[in-house]
Amino acid sequence: MRRKLAAGNWKMNGARADLTQLQALCAAHDGATVDLLICPPFTLIAAAVDICASHALRIGGQDCHAAAAGAHTGDISAAMLKDAGADAVILGHSERRADHAEISDDVRNKARAAHEAGLLAIICVGESLAEREAQNTLDIIGGQLSSSIPDTATGENTVIAYEPCWAIGTGLTATPDQIGEVHDFIRARLEKRFGAGVGRSVRLLYGGSVKTGNAAEIFAVSNVDGALVGGASLKCDDFSPIISALEAAAKAS
Ligand code: 13P
């Protein structure tokens with residue numbers, strides 16, 4: 001059985017004052033029955049790790065460089081994240097692909113570096129609205145999967161997040177049918193490439209305007225093992241009911 005994962009991506013949001021949200025999350029979800037992860041901006045990682053030290057809530061980064069160290073001004077390596085106490089890193093988010101012209105080859109190299117550093121790599125894939133409207137969704141996702149996932153991937157060190165670009169921060173959510181189609185496709189691709197053992201053990205998250213009102217419906221979809229949540233992960237009061245919905249889905253499955 002794959003353990004469910006509720007992950008929050010704070011993106012470029014959050015100051016030290018917002019760490020109280022993590023304290024509240026830890027207090028509200030002591031003894032959580034699903035894995036919990038928050039990826040704050042780099043500046044808050046070390047403080048967040050300290051706050052969550054005696055709790056199951058894990059902390060991650062939102063990007064890393066493919067190299068272990070060197071002359072890369074402004075970048076952060078996977079080993080540095082690990083050293084700061086992070087356990088995971090989000091890679092290939094569509095905002096990084098768009099803002100920083102990251103391509104899947106970059107994402108694969110970063111994911112390999114994350115694996116070497118002992119981090120869980122959360123590799124993001126997703127189609128644009130134009131690609132969906134042109135009925136190219138599965139081709140796009142298939143291509144991103146082939147090029148973004150390194151051969152070092154296992155069920156323990158890799159999670160795939162399906163985030164349709166048009167559903168991110170827009171309030172639009174993919175329908176359960178759309179999510180199910182893509183998640184089943186991703187599962188089949190993983191099994192084909194890595195074999196049934198690894199292919200069935202990699203967790204698949206959905207991301208894109210997940211909130212309290214739609215979480216239960218999304219978590220009931222086949223091959224959805226949790227969510228990667230943006231805006232609704234910033235406040236404990238918004239994220240907490242999503243975690244509870246995932247726990248309920250885990251219990252029901
Ligand atoms: P929203 O939940 O704000 O739509 O963001 C989703 C996302 O991009 C998570 O990585």
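What counts as what
- Residues numbered from 1 in each chain as written.
- Predicted model: local features only at pLDDT ≥ 70, side-chain atom pairs only at ≥ 80, totals over all residues.
- Heavy atoms only, no water.
- Helix = DSSP H or I, 4+ residues; strand = E, 2+ residues; numbered from the N terminus.
- Contact = heavy atoms within 4.5 Å.
- Areas by Shrake-Rupley, 256 points an atom, 1.4 Å probe, with all protein chains shown as cover.
- Lys, Arg positive; Asp, Glu negative; His and termini not counted.
- Charge placed at Lys NZ, Arg CZ, Asp CG, Glu CD.
- Polar contact = N/O pair within 3.5 Å; in protein donor to acceptor, adjacent residues only side chain to side chain.
- Buried < 20%, exposed > 50% of the residue type's maximum accessible area, 1.4 Å probe, protein only.
- Pairing = 2+ DSSP bridges.
- Core = buried A, V, L, I, M, F, W, Y, C linked by side-chain atoms within 4.5 Å.
- Near = heavy atom within 4 Å.
- Nonpolar A, V, L, I, M, F, W, Y, C, P; charged D, E, K, R; others polar.

A. Inspection of the overall build of the protein at higher detail. A count of helical and extended segments in the protein gives 10 helices and 8 strands. Taken along its principal axes, the extent of the C-alpha atoms in the protein is 45 × 45 × 35 Å. A separation threshold of at least 6 residues defines the contact pool for the protein, and within that pool the share at least 24 residues apart is 72%. Per element, the accessible surface of the protein, about 10900 Å² overall, is 52% carbon and sulfur. One way to put it: in the protein the 22 positive side-chain charges average out to a point 4 Å from where the 30 negative ones average out.

B. The side chain of S233, seen in detail. You can see S233 is positioned in the loop between β8 (226–229) and α10 (236–252). From its side chain, S233 meets the backbone oxygen of G230 in a polar contact 2.8 Å long. Ignoring any residue separated from it by four or fewer positions in sequence, one finds S233 in contact with G8, N9, W10, I38 and F239.

C. Quick look at the pairing of strand β5 (residues 120–125). The buried fraction of β5 amounts to 6 of the 6 residues, a majority that puts the element mostly inside the structure. One ladder, built from 4 bridges, connects strand β4 (residues 88–91) with β5; its direction is parallel. Within β5, the residue paired with I90 across the bridge is I122. Two elements, β5 and strand β6 (residues 158–162), share 5 bridges in a ladder whose sense is parallel.

D. Region of interest: the nonpolar core. The biggest cluster of nonpolar side chains holds 64 residues, and the ones touching the most others in it are L22, I160, I186 and F219. Sorting elements by how many residues they give to this core places α10 first, with 7 residues. Filtering out sequence-adjacent residues up to four positions away, I160 remains in contact with I123, V125, L145, I149, I186, L190, V202, R203, L204 and L205.

E. Geometry of the site of the ligand. Close to the ligand lie N9, K11, H93, E163, A167, I168, G169, G208, S209, L228, G230 and G231. Separating an oxygen atom of the ligand from a backbone N or O atom of S209 is a distance of 2.8 Å. For the ligand, an oxygen atom lies 2.9 Å from a polar atom in the backbone of G230. Bound to the protein, the ligand loses 94% of the 310 Å² it would expose on its own. Partitioned by chemical class, the residues of the shell around the ligand number 3 nonpolar, 7 polar and 2 charged.

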